[in-house]
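The chain contents come next:
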Amino acid sequence: MSRVKKILTAAAVLAAAILCLGTAAYADGPGVIIAYNNTGIGPGGGWREQEDGSWMYQKNGQNVASTWEQVNGFWYWFNENGRMMTGWISLEDGQYYLTETESYGHPVGSLWVNEVTPDGCTVDENGRMIKNPNSPTAGIERANPYGNQTCVEVVLSEQMIYVYQGPTLVLVSPCVTGSVYGGHATPSGTYHIYSKERNRTLRGTNNNGTKYASFVNFWMPFNGGIGLHDANWRSSFGGDIYVSGGSHGCVNMPYARAEYLYSIAYVGMPVHVHN
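No experiment lies behind these values; they were computed from the predicted model shown.

K.L.:
Help me understand the confidence of the model for the chain, please; the structure alone is not making it clear to me.
P.N.:
Predicted confidence across the chain gives a mean pLDDT of 83, with 82% of residues reaching 70 or more. Throughout residues 1–43 the model reports pLDDT below 50, and contacts reaching past four residues in sequence, or to other chains, amount to 111 contacts.

Here it is, written out as structure tokens:
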């Protein structure tokens, strides 16, 4: 976090209007949860909620402004008025993503670091957006662990999909696999895509006995009723969603990534699922 730790004097501005960048904003609503304590910050310090629902942070009675501040291990950006920012912000040295809705262990306003953001962008170890985030590989470089084999790799512990054509990485995507707590964890193993179908309705039974019917645009089964597909009912992918809010075993993907995979996948294509 060496680049993050230095004090930045540039004020946050609206991020560029590209697919991956949303609008910088204040934390929403008076009821937003900021789960921190106020220890070690001096008299008159701590989080202060404003009448408009935004948040400010004080140290020794002074509002933190136009700078990064680390609070309980998380980094936050405060604009020139001292308000904590959320969403994408653009600073002199790059674009950064600050949590908009508390999830995956990210408190509201905290910086995402070395991971894939909810809208599919990749940020480096300093939280800076990697160049060409909208490319199929999101700027990531990764050697094919299966040599020259054209295949799909699903890494359960990372909740990421890597697709290779020969030795070359051609697609990277966050995903949501089977629910661990729900007893539907996606099984590890080596499989093969045995079908490709468009506009398919997937049907099954929930744990409570009710039936479900989920329409998908791109269906690529590889292990019985388990397959790769888009999931337009999800707004986020990756992180620890799969632990309690995962699928019935399938590998859920963002629409654009599933569409791209469908365009290059073939029947018989190996799928390696592992932790």
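Moving on from the coordinates now.
K.L.:
I would appreciate a short explanation of the sheet that holds strand 20 (residues 270–274) in the present structure.
P.N.:
In a beta sheet, neighbouring strands pair by backbone hydrogen bonds and run either parallel or antiparallel. The sheet built from five strands is open, its strands ordered 14-13-12-20-15 with mixed pairing. A single partner strand is all that each edge strand has here, and the edge strands are strand 14 (168–174) and strand 15 (189–192). Neighbour to neighbour, the strand axes of the sheet diverge by 20° on average, direction disregarded. With four bridges connecting them, strand 12 (residues 151–155) and strand 20 associate as parallel partners. Within the sheet, the bridge partner assigned to valine 154 lies in strand 20 and is valine 273. Across the sheet, helix 3 (residues 255–264) touches strand 12, strand 13 (160–165) and strand 14, and the angle it forms with strand 14 is around 145°.

K.L.:
Can you help me understand the nonpolar core in this one?
P.N.:
Inside soluble globular proteins, nonpolar side chains tend to come together where they are buried. Formed by 25 residues in total, the largest nonpolar core has its most connected members in Val152, Val154, Ile161, Val163, Phe222, Leu228 and Leu261. Those elements giving two or more residues to this core turn out to be strand 12, strand 13, strand 14, strand 17 (211–223), strand 18 (226–230), strand 19 (251–253), helix 3 and strand 20. Counting residues per element, this core draws most heavily on helix 3, at four residues. When residues no more than four places from it in sequence are discounted, the contact partners of isoleucine 161 are Val152, Glu153, Val154, Leu171, Val172, Ser173, Cys175, Leu228, Val251 and Met253.

K.L.:
Please explain the layout of surface pockets as it appears in this structure.
P.N.:
One way to see where empty space is left: roll a probe the size of a water molecule over the atoms. Estimated volume of the second largest pocket: approximately 270 Å³. Along the walls of the second largest pocket sit 16 residues, with Leu202, Tyr212, His229, His248 and Cys250 positioned nearest its centre. Elements with a contribution of two residues or more to the lining of the second largest pocket: strand 16 (197–205) and strand 17. In terms of residue class, the lining of the second largest pocket is built from five nonpolar, eight polar and three charged.

K.L.:
Honestly, the environment of methionine 56 in this entry has me stumped. Any pointers?
P.N.:
With respect to the element layout, methionine 56 can be found in strand 4 (residues 55–59). For methionine 56, a relative accessible area of 7% corresponds to the buried category. For the pair methionine 56 and methionine 85, spaced 29 residues apart in the sequence, the C-alpha separation amounts to 9.5 Å. If we ignore the near neighbours within four places in the chain, the residues touching methionine 56 are Gly46, Trp47, Arg48, Gln50, Asn63, Phe78, Asn81, Gly82 and Arg83.

K.L.:
Any chance you could explain the packing of aromatic side chains here in plain terms?
P.N.:
For any pair of aromatic rings, the description rests on two quantities: the centre-to-centre distance and the angle between the ring planes. With the rule as written, the count across this model stands at 12 aromatic pairs. For the ring pair tryptophan 68 and tryptophan 77, a centre distance of 5.5 Å and an interplane angle of 65° mean the geometry is edge-to-face. A connected cluster of aromatic rings, assembled from ring pairs, spans Trp47, Trp55, Tyr57, Tyr76 and Phe78. One Lys or Arg, arginine 142, reaches over the ring of tyrosine 162 and ends 3.8 Å from the middle of that ring. When the ring centre of tyrosine 262 is taken as origin, the NZ or CZ atom of lysine 196, which lies over that ring, is 4.5 Å away.

K.L.:
Sorry, what's going on with the pairing of strand 20 here?
P.N.:
For a regular strand, the rule is simple: side chains alternate between the two faces of the sheet. Among the five residues of strand 20, four are classified as buried, and the element is accordingly described as predominantly covered. Bridge count for strand 15 against strand 20 is four bridges, and the pairing is antiparallel. Looking at the pairing, threonine 190 lines up with histidine 272 of strand 20.

K.L.:
What exactly am I supposed to notice about the side chain of serine 90 here?
P.N.:
Residue placement: serine 90 occurs in strand 8 (residues 85–91). For serine 90, a relative accessible area of 16% gives the class buried. Within the structure, serine 90 has its side chain in polar contact with the side chain of glutamine 95 (distance 3.3 Å).

K.L.:
How should I be thinking about the sheet that holds strand 3 (residues 46–49) in this particular structure?
P.N.:
Spatial ordering of the open sheet is given by 3-4-5, a layout of three strands whose pairing is antiparallel. Two strands in the sheet have a free side with no partner beyond their single neighbour: strand 3 and strand 5 (62–63). Looking at chain direction, strand 3 and strand 4 are connected through four bridges and run antiparallel. Bridge pairing links glycine 46 to glutamine 58 in strand 4.

Thresholds, definitions, all that
- Residues numbered from 1 in each chain as written.
- Predicted model: local features only at pLDDT ≥ 70, side-chain atom pairs only at ≥ 80, totals over all residues.
- Heavy atoms only, no water.
- pLDDT = per-residue confidence, 0-100.
- Contact = heavy atoms within 4.5 Å.
- Pairing = 2+ DSSP bridges.
- Helix = DSSP H or I, 4+ residues; strand = E, 2+ residues; numbered from the N terminus.
- Axes fitted to C-alpha atoms, helices over the stretch in contact; angles between N-to-C directions.
- Core = buried A, V, L, I, M, F, W, Y, C linked by side-chain atoms within 4.5 Å.
- Buried < 20%, exposed > 50% of the residue type's maximum accessible area, 1.4 Å probe, protein only.
- 1 Å grid on protein atoms, 1.4 Å probe; cavity = no way out; pocket = protein on both sides within 12 Å on 5 of 7 lines; lining within 4 Å.
- Points joined across faces, edges and corners; volume = space filled by probe spheres on them.
- Nonpolar A, V, L, I, M, F, W, Y, C, P; charged D, E, K, R; others polar.
- Phe/Tyr/Trp six-rings, centres within 6.5 Å; stacked < 30°, edge-to-face > 60°.
- Lys NZ or Arg CZ within 6 Å of the ring centre and 35° of its normal.
- Polar contact = N/O pair within 3.5 Å; in protein donor to acceptor, adjacent residues only side chain to side chain.

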